[in-house]
Amino acid sequence: MKAPSKDQFIPGIEHDSKPQKGFTGRLGASGRSSGWWKLRTLELLRIEAGLHDWTGMECGCSWPGGRNSAEHIPAALIELLEGDPKELGSEWVEGHAFIQSNLMEPAVATALLALAALAGRPSVGVRQRLLWMLGVLASGEQDDVAEACLDVARQAVWLFYGELAAFETVGASAEAYDLLLLMDEQADRLAAYHRLYGAKLPPDLR
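Residues numbered from 1 in each chain as written. Predicted model: local features only at pLDDT ≥ 70, side-chain atom pairs only at ≥ 80, totals over all residues. Heavy atoms only, no water.

Enquirer: Could you give me a rundown of the overall build of the protein chain, with the residues and numbers involved?
Expert: Within the protein chain one finds eight helices and two strands. Reading the helices (α) and strands (β) of the protein chain from amino to carboxyl end gives α-α-β-β-α-α-α-α-α-α. By residue count, 48% of the 206 residues in the protein chain fall in the buried class. By sequence separation, contacts in the protein chain at least 24 residues apart represent 67% of the contacts at least 6 residues apart. For the protein chain, the accessible area works out to roughly 10,400 Å², and carbon and sulfur atoms hold 53% of it. (Helix = DSSP H or I, 4+ residues; strand = E, 2+ residues; numbered from the N terminus. Buried < 20%, exposed > 50% of the residue type's maximum accessible area, 1.4 Å probe, protein only. Contact = heavy atoms within 4.5 Å. Areas by Shrake-Rupley, 256 points an atom, 1.4 Å probe, with all protein chains shown as cover.)

Enquirer: Quick one: what's the story with the nonpolar core, residue by residue and with numbers?
Expert: Grouped together as the largest cluster of nonpolar side chains are 57 residues, with contacts concentrated most on Leu45, Trp92, Leu134, Leu137 and Phe160. Taken together, the elements giving at least two residues each to this core come down to helix H1 (38-49), helix H2 (72-82), helix H3 (107-119), helix H4 (124-138), helix H5 (143-154), helix H6 (157-166), helix H7 (170-181) and helix H8 (187-197). The leading source of residues in this core is H3, at eleven residues. Setting aside its immediate chain neighbours within four residues, Leu137 contacts Ala97, Phe98, Leu103, Ala107, Thr110, Ala111, Ala146 and Cys149. (Core = buried A, V, L, I, M, F, W, Y, C linked by side-chain atoms within 4.5 Å.)

Enquirer: Describe the side chain of Thr110, and please don't skip the residues or the numbers.
Expert: By secondary structure assignment, the location of Thr110 is in helix H3. For Thr110, the contacting residues outside a window of four places in its chain are Trp54, Ile73, Trp92, Val93, Ala97, Met133 and Leu137.

Enquirer: How would you explain the environment of Gly95 if you had to name every residue and give the values?
Expert: Among the structural elements, Gly95 can be located in the loop between H2 and strand S1 (98-99). Judged by its relative accessible area of 23%, Gly95 is partly exposed. Remark: the alpha-carbon pair of Gly95 and Cys59, spanning 36 residues in sequence, is separated by 8.4 Å. Dropping the residues within four chain positions of it, Gly95 is found in contact with Gly60 and Cys61.

Right, dumping it as structure tokens:
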């Protein structure tokens, strides 16, 4: 993938090592660091976002006779996570990286962006939505693109097993399980996990 040029500007993304405005790591009212995971997640996102030529990708929100580039995808995710959300909507990705089950040009780069966010260990509600999104990308109708997205997910297989075993919420564990089901090479290992954790999963996954 072509990296953006040095002077290319993507809203919400920094391509150098300067401190990000507004992220000081100070303690919030609860007494814990207001950015203990946010700082890490946002930095990982900015690094990954800077590795892809988003302006060169045609976004799913384009229309006949009008081309929209995809730089608003990482910018929107960064902006959402700057708000320290407990949950994450899909408006930043749905209609952009995919439309229903149809995968758009930014799909693979968006899958990598989701992995970067998951590596920062955001709140469980955010992780659940990111896992769901990865599942959508890895099972889309365009087989070659879907397989490329699944290959991206394979890079983080132990994150998914960790989510499954943690059972912070049934929803997050179920999304991780669904994603692992797409990986044929994980069948034996997933069956072993299922014997231990299957009773806690939703009825359709038991």
